[in-house]
Amino acid sequence: MMLERARQRLRSAQRVVVMTGAGISAESGIPTFRAAQTGHWARFRPEDLASPDAYRRDPETVWAWYAGRCRGVQAAQPNPGHLAMAELERRQGKGFLLVTQNVDGLHQRAGSRRPAELHGNLTRARCESCGLKQPLNAQEPFTPPSCPHCGTVMRPDVVWFGERLPPLALAQAEAAFSSAHIALVIGTSSLVEPAASLALLTLDTGGTVIEINPEPTPLTPLATFSLPMSASRALPALLEGWS
Ligand code: APR
């Protein structure tokens, strides 16, 4: 059975890298990135809000959107999928890296100690001038705060469309995927580069790719194993029977 074969491979792997997308947080009640926006925000596309131009044009609206999303993730709880990845990190020790495209901070709240956040984290605000970071204040009034250090208007600490990914996080991810024995690719549509191509680095160097997604993606035909399951069911099952 594919799950058992994937479990055996994972159990014997020394170097493991994980890539997560919005699907791992879906069962914590956080809509996936490409799910339709609801309520007041239904008339917006994320691409129309998550961009430097949108923030320059209408900082209050963009800040209000992130404040609402921040309150949403603060009210959400990590699910068994997040907890299983924190447990895998404990078992693997230094031969492990969690890379996430998610900005909800649920991996850290589940106990993952050092996730590489490719797209930032919406529970933080950042000053573009001096780089100061602080928790994002999600309460009203929805006016972007000024940096307490240099006075510049702060922004959500996320990567917007058209912006570069954090160089250190990306370099860590590329190195980990290029040397991994096993890459777990969980809950991502594998549509957005450069994240979508990282698993190919593992395949190119003879490693194993295990995809976990109820739906097929462009990675599915290339993956060594593709488990059409939810993350909260598949991940605890992959860790069963060994510690
Ligand atoms: N378990 C596992 N996978 C799931 C689950 C679940 N319970 N529910 C949904 N999925 C899968 C969907 O089938 C889909 O393939 O999660 C994936 C979510 O895809 P997207 O909504 O495209 O999210 P993601 O892949 O994380 O988007 C990547 O795109 O625009 C950028 O910055 C944005 O980080 C985001 C990136």
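Data block above holds the structure.
All figures in this text were calculated on a predicted structure; none of them were measured in a lab.

Reading guide: rules and limits
Residues numbered from 1 in each chain as written. Predicted model: local features only at pLDDT ≥ 70, side-chain atom pairs only at ≥ 80, totals over all residues. Heavy atoms only, no water. Buried < 20%, exposed > 50% of the residue type's maximum accessible area, 1.4 Å probe, protein only. Helix = DSSP H or I, 4+ residues; strand = E, 2+ residues; numbered from the N terminus. Arc of directions from axis to C-beta. Contact = heavy atoms within 4.5 Å. Pairing = 2+ DSSP bridges. Axes fitted to C-alpha atoms, helices over the stretch in contact; angles between N-to-C directions. Near = heavy atom within 4 Å. Polar contact = N/O pair within 3.5 Å; in protein donor to acceptor, adjacent residues only side chain to side chain. Areas by Shrake-Rupley, 256 points an atom, 1.4 Å probe, with all protein chains shown as cover. Nonpolar A, V, L, I, M, F, W, Y, C, P; charged D, E, K, R; others polar.

1. Overview of helix α1 (residues 2–12)
And then number 1: For α1, every residue scored as buried is listed here: Leu-3, Ala-6, Arg-7 and Leu-10. An end-on view of α1 places all buried positions within 105° of arc, on one side of the element. Facing away from the buried side of α1 by over 90 degrees, the exposed positions are Arg-5 and Ser-12.
And then number 2: Elements that come into contact with the buried residues of α1 comprise β1 (16–20), α6 (80–92), β7 (182–186), β8 (208–212), β9 (225–227) and α10 (231–239).

2. Concerning the sheet that holds strand β5 (residues 133–135)
And then number 1: Here three strands make up an open sheet; going across it, the order is β5-β4-β6 and the pairing antiparallel. The sheet is open, and its two edges are formed by β5 and β6 (154–158), each paired on a single side. Mean inter-strand twist for the sheet, computed between neighbouring axes without regard to direction, equals 45°.
And then number 2: The sheet contact formed by strand β4 (residues 120–127) and β6 spans four bridges and is antiparallel. If you follow Gly-120 over to β6, its bridge partner there is Val-158.

3. Looking at the site of the ligand
And then number 1: With respect to spatial proximity, 20 residues lie near the ligand, and among them Glu-27, Arg-34, Thr-188, Ser-189 and Asn-213 are the closest.
And then number 2: In this structure, an oxygen atom belonging to the ligand sits 3.1 Å away from a main-chain N or O atom of Gln-101.
And then number 3: Within the contact set of the ligand, an oxygen atom lies 2.7 Å away from a side-chain nitrogen or oxygen of Thr-188.
And then number 4: In the complex, the protein chains occlude 87% of the 730 Å² of accessible area that the ligand would expose alone.
And then number 5: The class makeup of the residues in the shell around the ligand is seven nonpolar, ten polar and three charged.

4. Quick notes on the side chain of Thr-217
And then number 1: Counting through the fold element by element, Thr-217 comes out in the loop between β8 and β9.
And then number 2: Residue Thr-217 is classed as buried on the basis of its relative accessible area of 10%.
And then number 3: In this structure, Thr-217 is in contact with Thr-188, Ser-189, Ser-190 and Glu-211, ignoring residues within four places of it in sequence.

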